[in-house]
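Chain by chain, the residues run as shown.
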Amino acid sequence: MRRAGAAFLCLVAPLVAFGQTADQHSQPPPQFTDYRIPIERAAAPRDGSFQYVDLALLACLLVLTAWIVLKRRSRKELRIVSLFALGYFGFYRLGCVCSIGSIQNVAYAIAHSDYRLPLTVAGFFVLPLLAALFFGRVFCGGVCPMGAMQDLLLVKPIRIPASWRAPLEAAPYVYLGAAILFASTGSAFAICEYDPFVGFFRMHGHFLMILFGSAILAVSLFIGRPYCRFLCPYGVLLRWASVFAKYSVSVTPQECVQCHMCADACPFEAIQPPAIAKQDRTEIRRRLTRTLAVTPILIALFAFAGWRMSPMMASWDLRVHRAHVLRDAEMHPPKVKTVLADAWDRHRKTTQDAYVEGSAVEHEFAIGAPILGAWIGLVFALKSLSNLRRRGSNDYEADSSSCLSCARCYSACPVPHREYALPPLPMASIEPPEPVGGAV
Amino acid sequence: MADSDKPTRREVLRDTVRLCGLAGGAFALGGIATRSEAAEMVWQIDPDKCTECGLCASACVLEPSAAKCVHAYAQCGYCKLCFGLFRDKRTGDTTTAENVRCPTDAISRTFIEDPYHQIAVDENRCIGCALCVKGCHQFGNGSMYLQIRHDRCANCNQCAIANVCPADAVVRVPGHRPYMLKRPKG
Ligand code: SF4
Ligand code: SF4
Ligand code: SF4
């Protein structure tokens, strides 16, 4: 009423003197001789302008990172930007909303037409992907606070054997699929619930999640960005987008002298060695046909597993859980009513209502879980082909889909970088780039 | 990659995909812009649904919780033996300090005129445990209730309280109408 939303409880006394109150046990407010019922102080609403600051900063930082990584080629400057992003998006804004989590809002919005996707969330989802279409994964390099946290801790990178990497790299795809399933059914925002770092930003969190986060941070002392590479579901989308990147990290300015130094410097194993002798064509074809034959079987197998597991997955949903609790309570009435049952009763809803609600969710999972299973099967099948991927180049080259734009390789390359410029932009001529500031 | 000016097949393909991505992104953003309120969504407790289970105090990612007790003066009965402030008198005691519900002693009362007392909630002490809310709801006028305070709330993408609330009481509301205030009906 009075300045709707701003004032907390501006109830006007005269209204109340006659009007009956909402609650059932109402005793009318007394008639005081000499006392006026106070009006509540206003509690601040959330400062809405921050969302525009967030969006603008996100866009600026993406462009700035692209400029630093691709044109200034400076790790030192990039570190400053990512420290700022860590401070602002992480510790100051407490980590919400982030691009990784926004996947779920998008999935939820697609499945629930009554949910209106806030503009900020949409921006956080779309902008880094658009940036990746042009500049590669600059979001990972300089803007993502979770990436920054791990990257700044990396002291002594060790190499992961290639045979371990393929299965580890499949995990984000699985996580992405699961997160979309749980978000679109409205069951949980798993990415947020199991976010290992947000507890640090807020200096408070569930004990197990803090433990998980600490473990990841400990690992990231030696393995470059474990979360980004082996868990982050948004990384999957960025990976796809950056395959088509127009300008992405390219190590050597002039001629690659095939020294392998850049590949050693990359802690994420993103630099592909030159295509050695052409792989045997018949060998390739054999593996391809084998995979093609196996793929449908894998998909069917996992889809079946998903279908079998769908009741279990659904039971993690509160609505399904409630239906189960109420059914159990009907069969064996407990001494003390559970809070769930109590709340349900107080909302004057029947056990039947709970069944209807719960079985609707179970139905959604019965469709979604096999799809998730099929997706996982497909990922596993295609991952087995990953070492077949051949690059056309004869030089060491950063693979734009797995390069995290950290700018470490530049200073490792022994070829002088001074005269290096980007491929000419379609606009006017570009000024020669500043000399690169030494080794970092 | 290509030495000549003529783009390679791969480059043309990339350009096409990039253009499609750009168009798709613009299309999606446009669609969202027309459908969204442009306002951010925030979390709030629907006081009519809340069943005072007490999980608000522990589930919130903040310590202390962003949920705090609000007192609607205009709905208050100004009871001498405030049910929000004191435990059920069937336990024996009445208006003694030992009988106070609030674990943090956030509720104070001042005498107005016999037999009326005005109570006040100290928001800096309140931890959102809902004990007073329960008392006031069960035996009193229900003038005490919980609200998520947006000067504290981190606006988590997924509210941790909403995850566990047995009453589905924590809902998304538009940021420009961030509170669900108890108002007298009629
Ligand atoms: S968790 Fe839900 S029911 Fe429990 S006190 Fe909080 S809002 Fe009320
Ligand atoms: S949105 Fe986060 S900070 Fe706000 S009440 Fe919920 S859990 Fe607490
Ligand atoms: S009893 Fe709990 S909810 Fe009520 S004022 Fe005290 S701390 Fe806050």
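For clarity, every value in this text was computed on a predicted model and none was experimentally measured.

Draft legend 1. View of helix α11 (residues 207-219) of chain A. Residues and elements named next belong to chain A. For α11, which comprises 13 residues, the first-to-last C-alpha distance of 18 Å matches the rise-based estimate of 18 Å (1.5 Å per residue) to within 8%. Met209, Gly213, Ile216 and Leu217 are the residues of α11 that are buried. Taken end-on, α11 shows its buried residues confined to a sector of 100°, consistent with a single buried face. Counted as exposed and oriented over 90 degrees from the buried face of α11: Phe207 and Leu208.

Draft legend 2. Fine view of the interface of chain A and chain B. Contact residues are listed per partner, giving 71 residues for chain A and 74 residues for chain B. Each partner contributes to the roughly 6600 Å² buried at the junction of chain A and chain B, and carbon and sulfur atoms together form 57% of this total. On the surface where chain A and chain B come into contact, there are three salt bridges. Asp168(B) is the salt-bridge partner of Arg322(A), the closest N and O atoms lying 2.9 Å from each other. In terms of residue count, the dominant contributor to the side of chain A that touches chain B is helix α5 (residues 119-135) of chain A (seven residues). Of the residues contributing to the side of chain A that touches chain B, the split by class is 40 nonpolar, 19 polar and 12 charged.

Draft legend 3. Main features of the site of ligand 3. In the vicinity of ligand 3, the contacting residues are Cys69(B), Cys102(B), Pro103(B), Thr104(B), Ile107(B), Val121(B), Cys126(B), Ile127(B), Gly128(B), Cys129(B), Ala130(B) and Cys132(B). Split into classes, the residues belonging to the shell around ligand 3 amount to 10 nonpolar, two polar and no charged.

Draft legend 4. Structural context of the confidence of the model for chain B. Scored by pLDDT, chain B comes out at a mean of 82, with 85% of its residues at no less than 70. Prediction confidence for the complex, expressed as pTM and ipTM, is 0.84 and 0.81 respectively.

Draft legend 5. Expanded view of the pattern of salt bridges. Residues and elements named next belong to chain A. This structure, assessed with the given rule, holds 21 salt bridges over all chains. The residue arginine 322 makes a salt bridge to glutamate 357 at a minimum N-O spacing of 3.4 Å. With a gap of 35 residues between them, arginine 322 in helix α16 (residues 318-331) and glutamate 357 in helix α18 (residues 351-383) connect regions that are remote in the sequence. Accessibility expressed as a relative area gives 0% for arginine 322, which makes it buried. Given a relative accessible area of 25%, glutamate 357 falls into the partly exposed group. In the salt-bridge network here, residues are joined through shared partners; they are Arg159, Arg165, Glu169, Arg229, Glu269 and Lys383.

Draft legend 6. Here's a closer look at the nonpolar core. Counting residues in each nonpolar core, the largest one holds 87 residues, and the members touching the most others are Phe89(A), Ile100(A), Phe197(A), Tyr227(A), Tyr234(A) and Ile271(A). No other element matches the 10 residues that α5(A) contributes to this core. In this structure Tyr227(A) touches Ile100(A), Met146(A), Gln150(A), Tyr175(A), Ile191(A), Pro196(A), Phe197(A), Ile216(A), Cys232(A) and Pro233(A), once residues within four positions along its chain are discounted. Formed by 40 residues, the second largest nonpolar core is a distinct cluster that contains Ala66(B), Leu81(B), Cys126(B) and Met144(B).

Draft legend 7. Empty space enclosed by the protein, seen in detail. In the structure shown here, the tally under the stated rule is 15 cavities of 30 Å³ or more. Secondary-structure elements contributing two or more residues to the lining of the largest cavity are α2 (50-72) and α5 of chain A together with β1 (41-45) of chain B. Of the residues assigned to the lining of the largest cavity, the class counts are 10 nonpolar, five polar and five charged.

Draft legend 8. A look at the site of ligand 2. As a matter of local geometry, ligand 2 sits amid Trp43(B), Cys60(B), Val61(B), Leu62(B), Ala66(B), Ile148(B), Cys153(B), Ala154(B), Cys156(B), Cys159(B), Ala160(B) and Ile161(B). Here the residues of the shell around ligand 2 are counted per class, giving 12 nonpolar, no polar and no charged.

Draft legend 9. Seen up close, the environment of Val133(B). Residue and element names in this part refer to chain B. Relative to the elements of secondary structure, valine 133 occurs in helix α3 (residues 131-139). For valine 133, a relative accessible area of 4% puts it in the buried group. With 10 residues separating them in the primary sequence, valine 133 and serine 143 have C-alpha atoms 8.1 Å apart. Sequence-distant contacts of valine 133, defined by excluding residues within four places in its chain, comprise Glu52, Cys69, Met144, Tyr145 and Leu146.

Draft legend 10. Spatial organisation of unusual backbone geometry. Omega for the peptide link from Cys96(A) to Val97(A) comes to 0°, which places this bond in the cis form. Within the secondary structure, Val97(A) sits in the loop between α3 (75-92) and α4 (99-111). The omega angle of the peptide bond from Glu63(B) to Pro64(B) is 0°, so this bond is cis rather than trans. Of note, Pro64(B) is situated in the loop between α2 (55-59) and β2 (67-71). Phi is positive for Asn155(B), close to 50°, though the residue is something other than glycine. Among the structural elements, Asn155(B) can be located in the loop between β5 (144-148) and α4 (160-164).

Draft legend 11. The arrangement of helix α13 (residues 233-242) of chain A in detail. Here α13(A) lies mainly inside the structure; nine of its 10 residues are buried. Burial in α13(A) covers these residues: Pro233(A), Tyr234(A), Gly235(A), Val236(A), Leu237(A), Leu238(A), Arg239(A), Ala241(A) and Ser242(A).

Draft legend 12. The arrangement of the domain arrangement of chain A in detail. Residues and elements named next belong to chain A. Per the domain assignment, the segments making up chain A are domain 1 (52-272 + 397-412) and domain 2 (282-386). On a C-alpha basis, the centres of domain 1 and domain 2 stand 29 Å from each other. Opposite the 13 residues of domain 1 that make contact, domain 2 presents 16 residues. For the pairing of domain 1 and domain 2, the buried interface totals around 1200 Å² over both sides, and the portion due to carbon and sulfur atoms is 75%. When residues of domain 1 are sorted by the area they lose upon contact with domain 2, Leu181, Phe182 and Thr185 head the list and together hold 39% of the total. Viewed at the interface, domain 2 and domain 1 are joined by one salt bridge.

The rules behind the values
- Residues numbered from 1 in each chain as written.
- Chains lettered and ligands numbered in written order.
- Predicted model: local features only at pLDDT ≥ 70, side-chain atom pairs only at ≥ 80, totals over all residues.
- Heavy atoms only, no water.
- Helix = DSSP H or I, 4+ residues; strand = E, 2+ residues; numbered from the N terminus.
- Expected span 1.5 Å × (residues − 1).
- Buried < 20%, exposed > 50% of the residue type's maximum accessible area, 1.4 Å probe, protein only.
- Arc of directions from axis to C-beta.
- Contact = heavy atoms within 4.5 Å.
- Buried area = accessible area lost by both parts, 1.4 Å probe.
- Salt bridge = Lys/Arg side-chain N within 4 Å of Asp/Glu carboxyl O.
- Nonpolar A, V, L, I, M, F, W, Y, C, P; charged D, E, K, R; others polar.
- Near = heavy atom within 4 Å.
- pLDDT = per-residue confidence, 0-100.
- Core = buried A, V, L, I, M, F, W, Y, C linked by side-chain atoms within 4.5 Å.
- 1 Å grid on protein atoms, 1.4 Å probe; cavity = no way out; pocket = protein on both sides within 12 Å on 5 of 7 lines; lining within 4 Å.
- Points joined across faces, edges and corners; volume = space filled by probe spheres on them.
- Domains from an automatic or database assignment.

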